[in-house]
Every structure is written in C-alpha cells, then in structure tokens.
Amino acid sequence: MKTAIIIYSNTGNTRRAAQKLLEKLKSTGAEAEIREIQVSNAKPEGDMSRVQLTQTPSVEGFDRLVFASPVWAFSLSGVMKKYLSQLPKLTGNKISLFVTHQLPLPWMGGNRAIRQMKSICEEKGGDVVSTAVICANDARRERDTADMLRRLA
Ligand SMILES: Cc1cc2nc3c(=O)[nH]c(=O)nc-3n(C[C@H](O)[C@H](O)[C@H](O)COP(=O)(O)O)c2cc1C
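Residues numbered from 1 in each chain as written. Predicted model: local features only at pLDDT ≥ 70, side-chain atom pairs only at ≥ 80, totals over all residues. Heavy atoms only, no water.

Asker: A description of the site of the ligand should follow, citing residues and the corresponding values.
Answerer: As a structural note, the neighbourhood of the ligand is formed by 18 residues, with S9, T11, T14, V71 and F74 the closest of them. Between the ligand and N13 there is a distance of 2.7 Å, counted from an oxygen atom to a backbone nitrogen or oxygen. For the ligand, an oxygen atom lies 2.8 Å from a polar atom in the backbone of L103. Here the ligand has 650 Å² of accessible area as a free molecule, and 81% of this is covered by the chains. Among the secondary structure elements, those contributing two or more residues to the shell around the ligand are helix 1 (13–27), strand 5 (64–72) and strand 7 (94–101). By residue number, the principal contributor to the shell around the ligand is strand 5, which donates three residues. When its residues are assigned to classes, the shell around the ligand shows eight nonpolar, nine polar and one charged. (Near = heavy atom within 4 Å. Polar contact = N/O pair within 3.5 Å; in protein donor to acceptor, adjacent residues only side chain to side chain. Areas by Shrake-Rupley, 256 points an atom, 1.4 Å probe, with all protein chains shown as cover. Helix = DSSP H or I, 4+ residues; strand = E, 2+ residues; numbered from the N terminus. Nonpolar A, V, L, I, M, F, W, Y, C, P; charged D, E, K, R; others polar.)

Asker: Report on the nonpolar core, specifying residues and quantitative values.
Answerer: Of all hydrophobic cores here, the largest spans 31 residues; its most connected members are L65, F67, Y83 and L84. Those elements that provide at least two residues to this core are strand 1 (2–7), strand 5, helix 2 (78–85), strand 7, helix 3 (110–123) and strand 8 (127–135). Looking at this core, the element that brings in the most residues is helix 3, giving five residues. Sequence-distant contacts of Y83, defined by excluding residues within four places in its chain, comprise I6, I37, L53, T56, P57, V59 and F67. (Core = buried A, V, L, I, M, F, W, Y, C linked by side-chain atoms within 4.5 Å. Buried < 20%, exposed > 50% of the residue type's maximum accessible area, 1.4 Å probe, protein only. Contact = heavy atoms within 4.5 Å.)

Asker: Summarise the packing of helix 2 against helix 3; cite the residues concerned and give the values.
Answerer: Packing of helix 2 against helix 3 brings their axes to within 10 Å, and their N-to-C directions diverge by 10°. On the basis of the axis angle, helix 2 is roughly parallel to helix 3. In this structure, helix 2 uses M80, K81, L84 and S85 to contact helix 3, whose residues at the interface are Q116, M117, I120 and C121. When the residues that make up the contact of helix 2 with helix 3 are grouped by side-chain class, the tally is five nonpolar, two polar and one charged. (Axes fitted to C-alpha atoms, helices over the stretch in contact; angles between N-to-C directions. Parallel < 35°, antiparallel > 145°, perpendicular 65-115°, else oblique.)

Asker: Would you mind going over the pairing of strand 2 (residues 31–36) in detail, with residue names and values included?
Answerer: Two elements, strand 1 and strand 2, share six bridges in a ladder whose sense is parallel. Along strand 2, the bridge assignment pairs A4 with E33. Remark: the strand 1/helix 1/strand 2 crossover connection has right-handed handedness. (Pairing = 2+ DSSP bridges. Right-handed = clockwise from strand over helix to strand, strands pointing away.)

Asker: An account of helix 4 (residues 141–152) is needed here, citing residue identities and associated values.
Answerer: In a regular helix each residue adds 1.5 Å, so twelve residues correspond to 16 Å; helix 4 covers 16 Å between its end C-alpha atoms and thus fits that length. Listing the buried residues of helix 4 in full gives D144, T145, M148, L149 and L152. The buried residues of helix 4 all sit within an arc of 145° when viewed along its axis, so they share a single face. Every exposed residue of helix 4 that faces more than 90 degrees away from the buried side is listed here: E142, R143 and R150. Packed against the buried residues of helix 4 are helix 1, strand 5, strand 7 and strand 8. (Expected span 1.5 Å × (residues − 1). Arc of directions from axis to C-beta.)

Asker: Requested: an account of the pattern of salt bridges, with residues and values cited.
Answerer: The full count for this structure, using the stated rule, is nine salt bridges. Put simply, R35 and E33 hold a salt bridge, and the shortest N to O gap is 2.8 Å. The exposure class of E33 is partly exposed, given its relative accessible area of 29%. The residue D147 makes a salt bridge to R151 at a minimum N-O spacing of 2.9 Å. Here the residue D147 and the residue R151 both occupy positions in helix 4, the gap between them amounting to four residues, near one helical turn. One network of salt bridges, in which partners are shared, links D147, R150 and R151. (Salt bridge = Lys/Arg side-chain N within 4 Å of Asp/Glu carboxyl O.)

Keep in mind that these numbers describe shape and distance, not what the molecule does.
Next up, the structure:
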C-alpha cells in the first residue's frame, strides 16, 4: 500500500499534522510520502483567479490518497479547491481527508470544508473512507491530532 499525503499549508498547521500522520504510517511499515501544493502568491486567500498553482502533485502510482488543507472563511481553502478540481478521475482510489482550522468548533468551517472536499473527490469517482477535523488552537490540537491519527493511520 503506497500512500500520498497531499497537502496545502500556508502557516504550517496542516503540515505539522501531516508530518505526524507520515510518521505513524511509516512506523507501521507503510510506504508513504508528503507532497505539497505550492502557489504563486504568499497570501493566496483572495481572488483565486489571480492565484497560480506552481506545484500540483501527481496522484499517479498511489493506492491511497490523503488530502489535507486549512479552512478559510468557513470553507475549504481556495487553493485546495482549485487543486482538487484540476485532478483527473480518482476512480479506484481510497481517499482520506483532513482539515485544520482555528475557531473552537468543527461547525465553524471544518465540517463544511470536509463536505466540500468529499464532494469533489466523489464526483471524480474516489472512495472517501475516512475524514478528520483538527482544531489547531493550543487547547485542542493534541487531542484532535490524536483522533485524526486513529481514524486515518
Ligand atoms: C484567510 C483565512 C481564513 C480563515 N478562516 C477560518 C475559518 O473560517 N474558520 C476557522 O476555524 N479558521 C479559519 N482560519 C484559520 C486557519 O484555518 C488555521 O489557522 C489553519 O490551521 C491554517 O492552516 P495552515 O497553517 O496549514 O495554513 C482562517 C485563516 C486564514 C488565513
């Protein structure tokens, strides 16, 4: 089983959680790697038509895909939305999803962002098997990350 953890992270929270997932998967003997989406703008949260994806990781050759993104404005980040939309068919791929956010409750954007990711992946024929929402504030980060690892690793 070969897993690609494909992430977009602007300030590091999503990357840190992805790194934990990578370590956990590798500790069980799984083959896994992190692949990062890169964009042209340092602060890409505005008008996505002005944002170029400068690095679009390929999904070819992996049995399992994990997509991870921050929440922006109670939604999936525009960068991840743009990346997922340009992917080819995901038929036959097992897919896991997680998002990180800052506000204290999952309905303050986290759950909606997951629904948006799930919908794009399923439209492309992907099989979404697990999801998690991580609140990145100090009070919840550790517990939510542990929960993500239980669901996704
Ligand atoms: C433009 C912008 C909008 C955001 N909107 C939300 C939001 O609606 N809800 C929330 O909980 N966090 C929101 N956040 C906080 C981020 O989701 C959170 O800090 C996330 O962990 C950042 O991930 P990253 O460090 O991987 O970029 C927002 C952050 C930015 C920059």
